[in-house]
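Residues per chain are reported as follows:
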Amino acid sequence: MSTEKKSFSRRKFLQRGAIVFGGTVVASYLGCSPLRRFTAQKAESMDLPAMMSSLQPDFWFEVLPDNTISLKSPKIEIGQGVFTGLAMLAAEELDVPYEQIKVEHANTKSGLIDEMNTGGSSSTASLYEPIREVAATMREMLKEAAAKKWGVKASEINTENGTLLSGNNKITYAEIAKENKNWDIPKTPKLRPKSAFKVVGKSVKRTDLKAKVMGTAKYTLDSELPDMLYAVLLQSPYLDGTIKTLDTKEAEKSTGVVKVVREGELVAVVAKTFYAADSAFKKINVEWNTPNKVQQADLIKFVTVGNGKEVNIQKEGNAKSIIEDNKATVFKQEYRTPMAAHAQMEVNAAIAHVEADKALIIAGTQGPKIVIDTVSKALNLDKDKIEVQTPLVGGGFGRKAVKGLYVEAALISKAVGKPVKLYNSRQQEFQNSLYRPNTHHVLQAKIGQNGEIEAITHDQATPDMLKNLMGTGLPNKILGADFISAGHGASLMYNFKNKSVSVWNAEVPIPIGIWRGVGMFPNAFAIESFMNELAHQTKKDPIAFRIGLLQNDDKISVRSKKVLETLIEKSGWKTPKAEGIGRGVAIGNDRKSIAATAIELAIVEEKIVVKKVTQVLDCGISINPEGIKQQMEGATMMGIGAALYEEATVKDGQIEQAYFSQYPMVSLTDVPEIQCFILEGDDIPYGVGEPPLAPIAPAIAGAVLDLTGKAIRSLPIKLS
Amino acid sequence: MKIDFKINGKPTSIDVDPAMPLLWVVRDELKLTATKFGCGMAMCGACTLHIDGEATRSCSVPVESIAGKNITTLEGLSESAENLHPIQQAWIEEQVPQCGYCQSGFMMAAAKLLEEKPNPSDDDIKNGITNICRCGTHPRIIKAIKRAAEINNQNH
Ligand code: FES
Ligand code: FES
């Protein structure tokens, strides 16, 4: 990595971050304008979600009197283990056991919050260098202080276990932090090389385990403010529904009700307890205007290749004309993926306390900055008057990136002049939400005499996922298509001489959101299923077929090939199959990580039973291998559910699934034997949370093809 | 209506609407927040606690039905932070939780399962617990329950 890049990162991470000794901020930096950084990073990559989440990582390091280190994280812990990863990175340079680094969410009062969102699998990766640089700087500052005190050179001082040592001299970080008054900020020290790592790369226990097994971990629903009231918000179960008639008389009379708030479309029952609010809420009589009459068949029609605007995103050779010239003989297949819900276990929730000239919002969100922006606008209150606190988040998967309940909670709090806690019912969470959009894919290949693929094209139709994330149609205007999907998996990674990929921008009357893996989930299903069909068609082993197309010496090809070779070995791909077992494979690259999966399954009483899953992931450097395996297993289970069960559908302008019983997901009975292997294919860490999910569905489909000879081309997989 | 019961060993008396679901009594009145809300319709198991030793989805139990009974929540599963229940120990050893939101319900269901089946097979576990976890911690839950059985056996 060039030195220029390094200094850029140093400036960036000390932007508004600070090092605190003895209760005083001793180092803080002001950096270049956010706009310039935005542009610089935009140029660097088209990977918008990852880019947004690596923007302006601010943090706060403080040596506390008990010699622990407080680290305020700009990244949100949504279950992915980011706090543990950050503690390990800091420990690496600080010479403190990682458990002694107490990581918490930054709150916005100290101005220390990520500019954008936590998502895109990039939380730990984006802070890999910055956090170690701040920690190393801090260590050197402590050494300088001790050097002055003892009259020795800083280079003669060792650091160990939160203590500075030189000859017979010994002092803890906390002691020197308390007594030293003048601090110099040294040049950023050289980071320790990977070969010298003592913490990073070792499997360690997550730092949040004890709180989570004892039930002391606090989520939004567990948080409280003094004198707090509870609200239940009226939300339309129909898409775009508005109130036609409303009768709240009975609700107002209900026990414990403080007020029924009505401001235009905002209707909420506020009461002393949730139970009272909810009981009163059930007495509301409401009829809805339902202007949106969309049907499932419409959605399928809207999202179809050939409709809307085409944007070509990959072109090598002249694939399109070859396919066109050989129309009669090309191998052509179509694939569809369904709409889906996030169904995270913790519903969206927010606590708001709005006063005359300030507001406090407590909300488990993937994007605190979005909370500030939207609440500021709704209350017409300056952004710096709004404090956001983020408790732990009970699952996000993209759903907690935007459209939480913080704006509504703030408006209700303002209306009643008290702190208010608001959360969704499960039905509201399902029906008044954001959805992974359905997609359509057309793949075509010209197969030569010898079985070679002479040309291949992929056309994907998908709605724009960025619209809701950015709150504007801007990306669409600039690029003409949903480049989140385009940037995530639509392109063909294989070394085909002639290839062409286009994305068709579909408009749907459905609120669209980001879902774990973003574009990679649908794209990997379509492309990798097609690859399996091509191998089947040309009578080749599906892994050998892929390896044959990864012979170039670019990094992705080299790493992918190695991942597949490892998969052959670890999954026992070449061993004889047991009777009644089908085997399938798929691979994908996203967030610069490469994930491949081999599946063994059987069909029992018309039902697919996944028996064994082998996952191989190359995510660059691994920080906490056990944490990575945890993510890989989680992605595997979610991938099985997405392949076999999950589907949201619309009827008469309403999402049909309102309860868990109507939206089946994986359960303990679905657990197969899972083996996870991690390869290190690069010198920096890449995304972990999302990449291993996408290959599951096409690998399952491939195994069904292997077992039955029948190709699966839509999800969830239905055998008959 | 005044209702008397014991929660985590402590005699307790509250005066609320008898139809109020036990979940909200536990969380909002007694401020024991380990027990979670996931659906309110007995479909997810996030609110599982023990009533007289039976694993029960508290979102769907009116508080009046627990008069005179013993309630145990996750807060009362172990004697102290130093002396965790085998299920909790195993949950840490196997590093089960991700977001953690569903785990309280799973642990309460698992603690009950172990009482009934001290050496459960994979199938006993798979068929015995129908709670939902969206983070996909299922494989580790199965391992942890078996590990807890081992810890139990070593202790006896
Ligand atoms: S909250 Fe009780 S089962 Fe879901
Ligand atoms: S750990 Fe997140 S829902 Fe189970």
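Computed from a prediction, not measured in an experiment: that's the story for all the values here.

A separate point is the overall build of chain B. Per the secondary structure count, chain B includes 5 helices and 5 strands. Counted from the first residue to the last, chain B has its helices and strands arranged as β-β-α-β-β-β-α-α-α-α. With the principal axes as the frame, chain B shows a C-alpha extent of 45 × 35 × 25 Å. Taking all 156 residues of chain B together, 60% fall into the buried category.

In terms of helices and strands, chain A carries 23 helices and 28 strands. Within chain A, buried positions represent 63% of all 720 residues. Entry remark: accessible area of chain A is about 27,100 Å², with carbon and sulfur atoms responsible for 50%.

Below, the discussion takes up the sheet that holds strand β23 (residues 582–590) of chain A. Residues and elements named next belong to chain A. Strand order in the open sheet formed by 4 strands is β23-β24-β25-β28, and the pairing between neighbours is mixed. Each of the sheet's edge strands pairs with one partner strand only, and the pair in question is β23 and β28 (673–679). Each strand axis lies, on average, 20° off the axis of its neighbour in the sheet, ignoring direction. Bridge count between strand β24 (residues 593–604) and strand β25 (residues 607–618): 11 bridges; the pairing is antiparallel. Each residue of the ladder has a partner; that of Ala-598, found in β25, is Thr-614. Packed onto the sheet, helix α22 (residues 625–644) meets β25 and β28 and runs at close to 130° relative to β28.

On to the packing of aromatic side chains, then. For any two aromatic rings, the description comes down to two numbers: the centre-to-centre distance and the angle of the planes. A complete count under the given rule lists 12 aromatic pairs over all chains for this structure. For the ring pair Tyr494(A) and Phe496(A), a centre distance of 6.0 Å and an interplane angle of 70° mean the geometry is edge-to-face. Taken individually, Tyr494(A) and Phe496(A) each receive the classification buried, so the pair is uniform in this respect. Ring-pair connections join several aromatic residues into one group, and the members of that group are Phe274(A), Tyr423(A), Trp24(B) and Phe37(B). For Arg132(A), the ring lying beneath its charged end belongs to Tyr128(A), and the centroid distance is 4.1 Å. Over the ring of Trp515(A) we find Arg436(A), and its NZ or CZ is 4.4 Å from the ring centre.

Summarising the model, chain B shows a mean pLDDT of 97, and 100% of its residues fall at 70 or more. Among the scores for the predicted complex, ipTM is 0.97 and pTM is 0.91.

When pLDDT is averaged along chain A, the result is 87; 86% of the residues meet or exceed 70. Low pLDDT, under 50, characterises residues 1–16 of chain A; the predicted model gives this stretch 49 contacts beyond four residues in sequence or across chains.

What follows concerns the pairing of strand β4 (residues 54–57) of chain B. Side-chain direction in a regular strand flips from residue to residue, so the side chains alternate between the two faces of the sheet. In this sheet, β4(B) lies alongside strand β3 (residues 48–51) of chain B in antiparallel orientation, the contact comprising 4 bridges. When the sheet's bridge partners are listed, His50(B) is paired in β4(B) with Ala55(B).

A word on the interface of chain B and chain A. Counting residues at the interface gives 50 residues for chain B, matched by 58 residues for chain A. For the pair chain B and chain A, the two sides together bury roughly 4,500 Å², of which 62% comes from carbon and sulfur. Of all residues in chain B, the largest losses of buried area upon contact with chain A belong to Gln95(B), Gln98(B) and Arg134(B), amounting jointly to 19% of the total for that side. In this structure, the connection of chain B to chain A is made through 6 salt bridges. For the interface between chain B and chain A, the tally reads 27 residue pairs in polar contact (both at pLDDT 80 or more). Counting only elements with at least two residues in the side of chain B that touches chain A, the list comes to α1 (22–29), α2 (86–93), α3 (103–116), α4 (122–128) and α5 (138–155) of chain B. The element best represented in the side of chain B that touches chain A is α5(B), accounting for 6 residues. Split by residue class, the side of chain B that touches chain A holds 30 nonpolar, 9 polar and 11 charged.

All names here are of chain B. Parsing chain B into structural domains produces domain 1 (2–76) and domain 2 (86–155). One C-alpha centre belongs to domain 1, the other to domain 2, and the line joining them spans 21 Å. Facing the 18 residues of domain 1 at the interface are 12 residues of domain 2. Summing the contributions of domain 1 and of domain 2, the shared interface buries around 1,200 Å²; its carbon and sulfur component is 56%. When residues of domain 1 are sorted by the area they lose upon contact with domain 2, Thr-48, His-50 and Leu-74 head the list and together hold 38% of the total.

The next point concerns the pairing of β3(B). Residues and elements named next belong to chain B. Alternating residues of β3 divide into Thr-48 and His-50 and Leu-49 and Ile-51, and every residue in both groups is buried. Between the end of β3 and the start of β4, which pair antiparallel, lie 2 residues, with Asp-52 showing a positive phi angle near 45°. Across 2 bridges, the pairing between β3 and strand β5 (residues 70–72) is antiparallel. Across the sheet, the residue bridging to Ile-51 is Ile-71, located in β5.

A word on unusual backbone geometry. All names here are of chain A. Leu-715 connects to Pro-716 through a cis peptide bond whose omega is -10°. Along the chain, the position of Pro-716 falls in the segment after α23 (696–708). Backbone geometry places Asp-240, a non-glycine residue, at a positive phi of 60°. Here Asp-240 is to be found in the loop between β9 (229–233) and β10 (242–247). For Ala-343, which is not glycine, the phi dihedral falls at a positive 50°. By the secondary structure assignment, Ala-343 is in the loop between β15 (331–337) and β16 (349–355).

Here we take up the sheet that holds β15(A). Residues and elements named next belong to chain A. Spatially, 5 strands are ordered β14-β22-β21-β20-β15 in an open sheet, and the strand pairing comes out mixed. With one partner strand each, in any of the chains shown, β14 (309–316) and β15 form the two edges of the open sheet. On average, adjacent strands in this sheet sit at an angle of 15° to one another, irrespective of strand direction. Pairing analysis gives 7 bridges linking β14 to strand β22 (residues 499–506), with the strands arranged antiparallel. What sits directly across from Glu-310, in β22, is Trp-504. On the sheet, helix α19 (residues 520–537) packs against β15, β20 (439–447) and β21 (453–463) and is oriented at approximately 145° with respect to β15.

Residue and element names in this part refer to chain B. Two elements in contact, α3 and α5, have axes separated by 11 Å at closest approach and are oriented at 45°. On the basis of the axis angle, α3 is oblique to α5. The element α3 and its partner α5 pack so that their crossing is right-handed. Contacts between α3 and α5 involve Gln-103, Phe-106, Ala-110, Leu-113 and Leu-114 from the first element and Ile-141, Ile-145, Ala-148, Ala-149 and Asn-152 from the second. The residue inventory of the contact of α3 with α5, partitioned by class, reads 8 nonpolar, 2 polar and no charged.

This part is about the nonpolar core. Counting residues in hydrophobic clusters, the biggest one holds 192 residues, and the most contacted among them are Ile510(A), Ile700(A) and Trp91(B). At 9 residues, α22(A) tops the list of elements feeding residues into this core. In this view, Ile700(A) contacts Ile599(A), Leu601(A), Ile608(A), Val610(A), Ile640(A), Ala643(A), Leu644(A) and Ile717(A); residues no more than four positions away in its chain are not counted.

All right, on to the environment of Thr163(A) then. Residue and element names in this part refer to chain A. For Thr-163, the location among the structural elements is in strand β7 (residues 163–166). Taking the C-alpha atoms as reference points, Thr-163 and Leu-142, 21 residues apart in sequence, are found 9.7 Å from one another. In this view, Thr-163 contacts Asn-158, Lys-170, Ile-171, Thr-172 and Tyr-173; residues no more than four positions away in its chain are not counted.

Residue and element names in this part refer to chain A. In the structure shown here, the tally under the stated rule is 40 salt bridges over all chains. Of the charged contacts in the structure, one is a salt bridge between Lys-249 and Asp-247, with a shortest N-O distance of 3.6 Å. In this structure Asp-247 comes out as partly exposed when scored by relative accessible area, which is 28%. Between Asp-373 and Lys-383 there is a salt bridge, with its nearest N and O atoms 3.1 Å apart. In this pair, Asp-373 is assigned in helix α13 (residues 368–379) and Lys-383 in the loop between α13 and β18 (386–389), connecting sequence segments 10 residues apart. Here the residues in one salt-bridge network are Glu-77, Arg-206, Asp-208 and Lys-212, joined through shared partners.

The rules behind the values
- Residues numbered from 1 in each chain as written.
- Chains lettered and ligands numbered in written order.
- Predicted model: local features only at pLDDT ≥ 70, side-chain atom pairs only at ≥ 80, totals over all residues.
- Heavy atoms only, no water.
- Helix = DSSP H or I, 4+ residues; strand = E, 2+ residues; numbered from the N terminus.
- Buried < 20%, exposed > 50% of the residue type's maximum accessible area, 1.4 Å probe, protein only.
- Areas by Shrake-Rupley, 256 points an atom, 1.4 Å probe, with all protein chains shown as cover.
- Pairing = 2+ DSSP bridges.
- Axes fitted to C-alpha atoms, helices over the stretch in contact; angles between N-to-C directions.
- Contact = heavy atoms within 4.5 Å.
- Phe/Tyr/Trp six-rings, centres within 6.5 Å; stacked < 30°, edge-to-face > 60°.
- Lys NZ or Arg CZ within 6 Å of the ring centre and 35° of its normal.
- pLDDT = per-residue confidence, 0-100.
- Buried area = accessible area lost by both parts, 1.4 Å probe.
- Salt bridge = Lys/Arg side-chain N within 4 Å of Asp/Glu carboxyl O.
- Polar contact = N/O pair within 3.5 Å; in protein donor to acceptor, adjacent residues only side chain to side chain.
- Nonpolar A, V, L, I, M, F, W, Y, C, P; charged D, E, K, R; others polar.
- Domains from an automatic or database assignment.
- Parallel < 35°, antiparallel > 145°, perpendicular 65-115°, else oblique.
- Left-handed = near helix turned anticlockwise from the far one by under 90°.
- Core = buried A, V, L, I, M, F, W, Y, C linked by side-chain atoms within 4.5 Å.

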